[in-house]
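What the coordinates show
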Amino acid sequence: MLSHERNFTRSELLAVMTARMLEDGKTIFVGVGLPMLAAALAQRLHAPNITIIFEGGVIAPEIKPGMLPLSTNEVRAARKAVMLPSIDDVFFYQQRGYIDYGILGAAQIDKYGNINTSVIGDYEKPRVRLPGSGGANDIASTCSRVIVSTFHEKRRFVERVDFITSPGYLHGGNTRREAGLIFGGPYKVVTDLAIMGFDEESKAMRVEAVYRGVRIEEVLENMGFRPIIPDEVGEIEPPTDEELKILRSIDPDRVMLR
Amino acid sequence: MLSHERNFTRSELLAVMTARMLEDGKTIFVGVGLPMLAAALAQRLHAPNITIIFEGGVIAPEIKPGMLPLSTNEVRAARKAVMLPSIDDVFFYQQRGYIDYGILGAAQIDKYGNINTSVIGDYEKPRVRLPGSGGANDIASTCSRVIVSTFHEKRRFVERVDFITSPGYLHGGNTRREAGLIFGGPYKVVTDLAIMGFDEESKAMRVEAVYRGVRIEEVLENMGFRPIIPDEVGEIEPPTDEELKILRSIDPDRVMLR
Amino acid sequence: MRWNVDVRTFREWAERKDKSPTPKLMSLDEAVKRFLRNGAVVAIGGCLYSRTPMAAVHEIIRQGFRELTIVRNLAGFETDLLLVSGCLRRLITSWCSPGYAWGMSRVLRHYVENALAEFEEWSHLGIGLRLKAAAMGVPFLPTFSMLGSSIMERLGIAEMTCPYSGEKLALVPALYPDVAIIHANRADAYGNIQIDGYTHMDKDMAQAARHVIATVEEVVDGDEIRRSAERTIIPFFCVDAVVELPFGAYPSECWGRYEADFSHIASYQQRVDERGIEGARSYVSENITGVSSFMEFLSKVGVEQLLGRVRAFRNVVA
Amino acid sequence: MRWNVDVRTFREWAERKDKSPTPKLMSLDEAVKRFLRNGAVVAIGGCLYSRTPMAAVHEIIRQGFRELTIVRNLAGFETDLLLVSGCLRRLITSWCSPGYAWGMSRVLRHYVENALAEFEEWSHLGIGLRLKAAAMGVPFLPTFSMLGSSIMERLGIAEMTCPYSGEKLALVPALYPDVAIIHANRADAYGNIQIDGYTHMDKDMAQAARHVIATVEEVVDGDEIRRSAERTIIPFFCVDAVVELPFGAYPSECWGRYEADFSHIASYQQRVDERGIEGARSYVSENITGVSSFMEFLSKVGVEQLLGRVRAFRNVVA
């Protein structure tokens, strides 16, 4: 959208668009930062019955606006939870099929939805040693539907990731299943410009919709590879005043809305 | 020993002799009945620091005399325990190597210490369907030292068990290890006539000692196979008055001393 | 392959479950009617005399289900009742007996020795690992248990050599019950379940099963669960039905509430000793099919007897 | 084979342990001296800011151990301190960062990007399964995690086809730490350990390790443990040392007692932002090597700050 129309930041845009992807009544594997904000926002909008699950070992906490946790393993994250299982148990719920959505970020993501959060450059002597997988690999491997939520930047959207921390569709086609990953896979990629999905056959990334005012050229200019552009690309309404108001009330100190 | 000397029953004799086998400071996997009595007795005699573990999920209970549990999964068995883990966890402690002794009974036992508590006769249409393994197979497979505590009867000591519920040394020699059972194995067989062990090479049962007054012929007459009889067979003192007094005080209603 | 473990289908059970936190309170009658089928694989929680969901066992018998496969690590008295009522075709267990005081089950012997029911025998940990594998979402788990035994040979369990250690291990196939029935101390209406005392295999069982019916001593407010979240062992999204049923485990025990009533089991056993299968059937017709509900059965047992068991529990832990 | 898992040797660790219930209270200084060695594999309990046994980390640094392999599922601030103190050679983890608010660790980057320390990366569940396999006493556990990823490829993890389902699975090798260090809410002198709130991977870690050092907020009487046996998650026979250390996790949190002190971590982070490795070293020399004990460090932090964290905890759960 044109910048003079915008009354929100990129972070706010990403949080709102991610929130919109979450279906009511589902269980969501959530990390700190924008994913948590998105889930908390969705709960206060169209999806009051989603359940937040944190890898630290927390089921269904009530995140208190203005008291946001900085990790998934702390008292603020566990506030009023119904259960505090071990970390392994959380991942077993997921491997068993009980976790519907997982939200991941990405330092790099390629056209088949493979994600790198490990190293930029060579593994043994990397140019940048990133924090690593955490639960992201597990979510990418066994969660039912993975939403990747990231800024739309050329350095992030690369032809081929340096390291597959969290597998998407690997080399496309049937290669994910052939590797033994019989469940899940990337569902949508939500950015601050567009919503993307994956082609059913080739599993290559495909633009599904752009936000109102965003030109498709803008989407492509900010990617290191060319995604599939279908004949019809949808258009999505920008964040509403209500969405923004509630989002900002959840993080009034802008701890995560940086 | 001569019956006119005896001021105790067969059950009492077996309980006392089993108790004497237990080393202080060790963890003991115990079932109900005589094994429990033996462990409780040992605790009050030479082994105050043994820890009783029940498969129902109980670590270090304080069994109250006169209030004996009828199973390993009930409040009387869990009295004043320090931990109540899941059933699997108890077996994982054992598989990990944390359980030193296990005490098993036997409907049939053969010369290599294999135990049957499953079926007499054909498996599909058995002559007698016995209760089954319970935790006995697991104890026989992964406990560090297994003590078999059973009455010395011809129908129990058979050349070859009808069904190996709980593996001993299988076909003797190295066959237990070759089957993958790299830990533990039968340590002693305690009966109401004798204490037996297993030959280091052949793994065949070997008489180590008889109780004072028991003739070796009596031992052999009550077995369906011939164990190894070494040149020197030890002699063991009968239960002392103190042992019997304490044993009877643990089970004053003779619930288990039947 | 006898142990075909179709993880994809079983995972779909979990994926398709309604995971919204909606109240699941219903009557036992309705819960059993809704989730059981003839031929179903039904896992029964607790262990031997501990937290056996006895009310649900009664209801299964009353509703007359047939050809059930029952999964229970240590099976007791309730197995006799299911057998003589014609409900049970196959028992997956490691051990079955009315208990130490009574030795072998005459009823079980009759059914199994005459090939009227199948006894599928595993080690105790074997049953635990079958449920744990399913709960973890993997098709098998490795163990040293059962190696070299006739149990392993009869079942035809696969073994493998570990690529790291070179050791041989038995691979225990996952078991995904159609229904798990658990008796617990408390739950909220959504099905967040808390168990006091030993938890046996109930957690894995619930996580493994397609449907979970929980009978509980007490339904509590959701806030009470949130204040004691550390004690929750089964989360609401695994659970399909919550039924409030105080004394729902009687005559087995419920830790924290009442001790088992061995005199009740003894009186059942006396019927069997005297009249065999017919004795067991007379117990069923008098206490289960001859009454309209578990509450009516409890009324026959009587307040004094029940409260005596409550006192007995307190007496033991004191 | 890189992942040689010698289950026989590791089992002997458990077999040879003194399992008598004897008191194991000792000073932290003594516990660390007795059970750590240069080159040891040390698992650190808790997770990120939660129940990090920080007093023990300080003591390891103060005693100057070298060439340690540190095992921690989510590693944080404490890893920086161990790195700049020259203690840490290899980190077995799934993730390492000072935390969301500060992004990547500049210290970790320096050490790993210059090949001064090794970063062995697994998935989060991968670390959990390594410890769980060891805790269960098996050399591996199967999972669908890590399949197809560069993590699996780099590590050279074995895969297999399940004989029952035909599915492909990654086999995660067991990891048996030489020492596990846990910070818990309470224990008795014998080492029966209770943790309030989330337990993370501490149970498996303790069961897997050769030696266990537990620092606890409070040492309680054995009778208190026996009255609340349901809350015990590590039994005494796994534990070698019990050290009473209130605030022993500071500046990380201890659920039920105090919230993490992010302002303290922020002030550390500011040193790093301003002066890099030297900034981190200045933190160590002022707060760890420059003091004689963790108590002296806590004294520097001050009562007001500590009690503020206690209030903060109560404020969040209220």
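Here we summarise the structure given alongside this text. Quick caveat, the model's predicted, so the values are computed rather than measured.

1. Focus: the overall build of chain A
Counting secondary structure elements, chain A contains seven helices and 13 strands. Its C-alpha atoms give chain A a radius of gyration of 18 Å, near enough to 18 Å, the size a compact globule of 258 residues would have. Expressed as lengths along the three principal axes of its C-alpha atoms, the size of chain A is roughly 45 × 45 × 35 Å. Going through the 258 residues of chain A one by one, you find that 67% of them count as buried. In chain A, the share of contacts with a sequence separation of at least 24, taken over all contacts with a separation of at least 6, comes to 65%. On chain A, the mean spot of the 31 positive side-chain charges and the mean spot of the 35 negative ones are 4 Å from each other.

2. Examining the overall build of chain C
The helix and strand inventory of chain C stands at twelve helices and 14 strands. The globule rule puts the C-alpha radius of gyration for 318 residues at 20 Å, and the 19 Å found for chain C is close to it. Judged by the C-alpha coordinates and their principal axes, chain C covers about 60 × 50 × 40 Å. For chain C, the proportion of its 318 residues judged to be buried stands at 70%. For chain C, the share of sequence-separated contacts (at least 6 apart) that also reach a separation of at least 24 residues comes to 75%. Within the structure as shown, chain C displays about 9,700 Å² of accessible surface, and the carbon and sulfur contribution to it stands at 46%. If you average the places of the 36 positive and of the 39 negative side-chain charges in chain C, the two averages end up 2 Å apart.

3. With respect to the interface of chain D and chain A
At the interface, 55 residues of chain D touch 56 residues of chain A. Of the roughly 4,600 Å² buried at the junction of chain D and chain A (both faces included), carbon and sulfur atoms supply 59%. Viewed at the interface, chain A and chain D are joined by three salt bridges. Here A:Arg76 ties to D:Glu259 by a salt bridge, and the two come within 2.7 Å at their closest N and O atoms. The interface formed by chain D and chain A contains 30 residue pairs in polar contact (both at pLDDT 80 or more). Every element with two or more residues in the side of chain D that touches chain A is listed here: strand 5 (95–96), helix 5 (106–113), strand 6 (118–121), helix 6 (124–136), helix 7 (150–155) and helix 12 (303–317) of chain D.

4. Some thoughts on the side chain of B:Asp251
Residues and elements named next belong to chain B. For Asp 251, the position within the fold is in the segment after helix 7 (241–250). One buried charged side chain, Asp 251, makes no salt bridge at all; its nearest oppositely charged neighbour is Arg 254, positioned 6.7 Å away. Separated by 2.9 Å, the side chain of Asp 251 and the backbone nitrogen of Leu 257 make a polar contact. When near neighbours in sequence (up to four residues on either side) are disregarded, Asp 251 contacts Leu 37, Leu 68, Met 256 and Leu 257.

5. Let's talk about the pattern of salt bridges
Counting across every chain of the model gives 86 salt bridges over all chains. Residues D:Glu159 and D:Lys168 are paired through a salt bridge, measuring 3.8 Å at the closest nitrogen-oxygen approach. By relative accessible area, which is 27% here, D:Lys168 ends up partly exposed. Two residues, D:Asp196 and D:Arg231, come together in a salt bridge whose shortest N-O distance is 3.3 Å. Within this pair, whereas D:Asp196 is found in the loop between strand 11 (193–194) and helix 8 (202–208), its partner D:Arg231 is found in the loop between helix 9 (222–227) and strand 13 (232–234), the two being separated by 35 residues in sequence. By relative accessible area, which is 9% here, D:Asp196 ends up buried. When salt bridges that share partners are traced, they join A:Arg10, A:Glu153, A:Arg155, A:Arg156 and A:Asp192 into one network.

6. Side note on the pairing of strand 4 (residues 101–104) of chain B
All names here are of chain B. Burial along strand 4 is two-sided: the face carrying Tyr 101 and Ile 103 and the face carrying Gly 102 and Leu 104 are both buried. Pairing geometry for strand 1 (residues 27–29) and strand 4, over two bridges, is parallel. Pairing of Phe 29 across the sheet is with Gly 102, part of strand 4. Inspection of the sheet shows strand 4 paired to strand 9 (residues 145–149) by four bridges, in the parallel sense. By the bridge assignment for strand 9, Ile 103 is matched with Ile 147.

7. Observations regarding the state of the cysteines
Taken as a whole and judged by the stated rule, the model has zero disulfides over all chains. Not part of a disulfide, C:Cys96 finds its nearest cysteine sulfur in C:Cys47, a span of 12 Å. In this structure C:Cys96 comes out as buried when scored by relative accessible area, which is 1%. Note on D:Cys162: no disulfide assigned, nearest cysteine sulfur contributed by C:Cys162 at a separation of 16 Å.

8. Topic: the sheet that holds strand 7 (residues 140–143) of chain C
Residues and elements named next belong to chain C. Pairing is antiparallel in the open sheet, where three strands are placed in the order 7-9-8. Looking at the sheet topology across the chains shown, the edges are occupied by strand 7 and strand 8 (158–161). Going from strand to strand, the sheet's axes swing by 35 degrees on average, the running direction of each strand aside.

9. Quick notes on the interface of chain C and chain A
As a measure of interface size, the accessible area lost when the parts come together is often cited. Listed as interface residues are 35 residues of chain C and, on the opposing side, 28 residues of chain A. Interface area, chain C with chain A, both sides summed: about 2,600 Å², of which 57% is carbon and sulfur. Ranking the residues of chain C by area buried against chain A places C:Arg11, C:Arg226 and C:Phe237 at the top, with a combined share of 28%. The tally of links between chain C and chain A comes to three salt bridges. The partner of C:Lys203 in a salt bridge is A:Asp89, with the nearest N and O atoms 2.9 Å apart. Where chain C meets chain A, there are 16 residue pairs in polar contact (both at pLDDT 80 or more). Of all the elements in the fold, those that place two or more residues in the side of chain C that touches chain A are helix 1 (7–16), helix 6 (124–136), helix 8 (202–208), helix 9 (222–227) and strand 13 (232–234) of chain C. No other element matches the seven residues that helix 1 of chain C contributes to the side of chain C that touches chain A. A class-by-class count of the residues in the side of chain C that touches chain A yields 21 nonpolar, five polar and nine charged.

10. Description of the packing of aromatic side chains
Taken as a whole, this structure holds 44 aromatic pairs over all chains when the rule is applied. An angle of 15 degrees between the planes, with centres 5.0 Å apart, marks the rings of A:Tyr123 and A:Phe163 as stacked. A residue pair is termed long-range when its members are at least 10 positions apart, and A:Tyr123 in the loop between strand 7 (119–120) and strand 8 (128–129) and A:Phe163 in the loop between strand 9 (145–149) and helix 5 (175–178) qualify at 40 residues. For the pair formed by A:Tyr123 and A:Phe163, the shared burial category is buried. Ring pairs connect the aromatic residues A:Tyr93, A:Tyr98, C:Phe236 and C:Phe237, which therefore count as one cluster. Taking the ring centre of A:Tyr187 as reference, the NZ or CZ of A:Lys188 above it sits at 5.0 Å.

11. Overview of the packing of helix 4 (residues 77–84) of chain C against helix 10 (residues 262–287) of chain C
Residue and element names in this part refer to chain C. Running from amino to carboxyl end, helix 4 crosses helix 10 at an angle of 50 degrees, the nearest separation of the two axes being 8 Å. The angle between the axes of helix 4 and helix 10 places the two elements in the oblique class. Crossing angle aside, the handedness with which helix 4 passes helix 10 is right-handed. Residues Phe 77, Asp 80, Leu 81 and Val 84 of helix 4 form the contact with helix 10, whose participating residues are Tyr 268, Ile 277, Ala 280, Arg 281, Tyr 283 and Val 284. Of the residues assigned to the contact of helix 4 with helix 10, the class counts are eight nonpolar, no polar and two charged.

12. Re the pairing of strand 12 (residues 211–219) of chain D
Relative to strand 12 of chain D, strand 10 (residues 179–187) of chain D is paired through eight bridges, and the arrangement is parallel. Bridge assignment links D:Ala180 to a residue of strand 12 of chain D, and that residue is D:Val212.

13. Describing the environment of C:Ser85
Locating C:Ser85 in the fold gives a position in the loop between helix 4 and strand 4 (88–93). Apart from residues no more than four positions distant in its own chain, C:Ser85 is found in contact with C:Ile61, C:Arg66 and C:Val284.

14. Side note on helix 6 of chain D
Residues and elements named next belong to chain D. Taking 1.5 Å per residue as the helical rise, helix 6 with its 13 residues ought to reach 18 Å, and the 18 Å between its terminal C-alpha atoms agrees with that figure. Counting buried positions along helix 6 yields 13 of 13 residues, so the element is predominantly enclosed. Positive backbone phi, approximately 80 degrees, marks Gly 137, located one or two places after helix 6.

15. A few points about the side chain of D:Ser150
Residue placement: D:Ser150 occurs in helix 7. Engagement of the side chain of D:Ser150 in a polar contact is seen with the backbone nitrogen of A:Ile164, the distance being 2.6 Å.

Thresholds applied
- Residues numbered from 1 in each chain as written.
- Chains lettered and ligands numbered in written order.
- Predicted model: local features only at pLDDT ≥ 70, side-chain atom pairs only at ≥ 80, totals over all residues.
- Heavy atoms only, no water.
- Helix = DSSP H or I, 4+ residues; strand = E, 2+ residues; numbered from the N terminus.
- Rg over C-alpha atoms; globule rule 2.2 N^0.38 Å.
- Buried < 20%, exposed > 50% of the residue type's maximum accessible area, 1.4 Å probe, protein only.
- Contact = heavy atoms within 4.5 Å.
- Lys, Arg positive; Asp, Glu negative; His and termini not counted.
- Charge placed at Lys NZ, Arg CZ, Asp CG, Glu CD.
- Areas by Shrake-Rupley, 256 points an atom, 1.4 Å probe, with all protein chains shown as cover.
- Buried area = accessible area lost by both parts, 1.4 Å probe.
- Salt bridge = Lys/Arg side-chain N within 4 Å of Asp/Glu carboxyl O.
- Polar contact = N/O pair within 3.5 Å; in protein donor to acceptor, adjacent residues only side chain to side chain.
- Pairing = 2+ DSSP bridges.
- Disulfide = S-S within 2.5 Å.
- Axes fitted to C-alpha atoms, helices over the stretch in contact; angles between N-to-C directions.
- Nonpolar A, V, L, I, M, F, W, Y, C, P; charged D, E, K, R; others polar.
- Phe/Tyr/Trp six-rings, centres within 6.5 Å; stacked < 30°, edge-to-face > 60°.
- Lys NZ or Arg CZ within 6 Å of the ring centre and 35° of its normal.
- Parallel < 35°, antiparallel > 145°, perpendicular 65-115°, else oblique.
- Left-handed = near helix turned anticlockwise from the far one by under 90°.
- Expected span 1.5 Å × (residues − 1).

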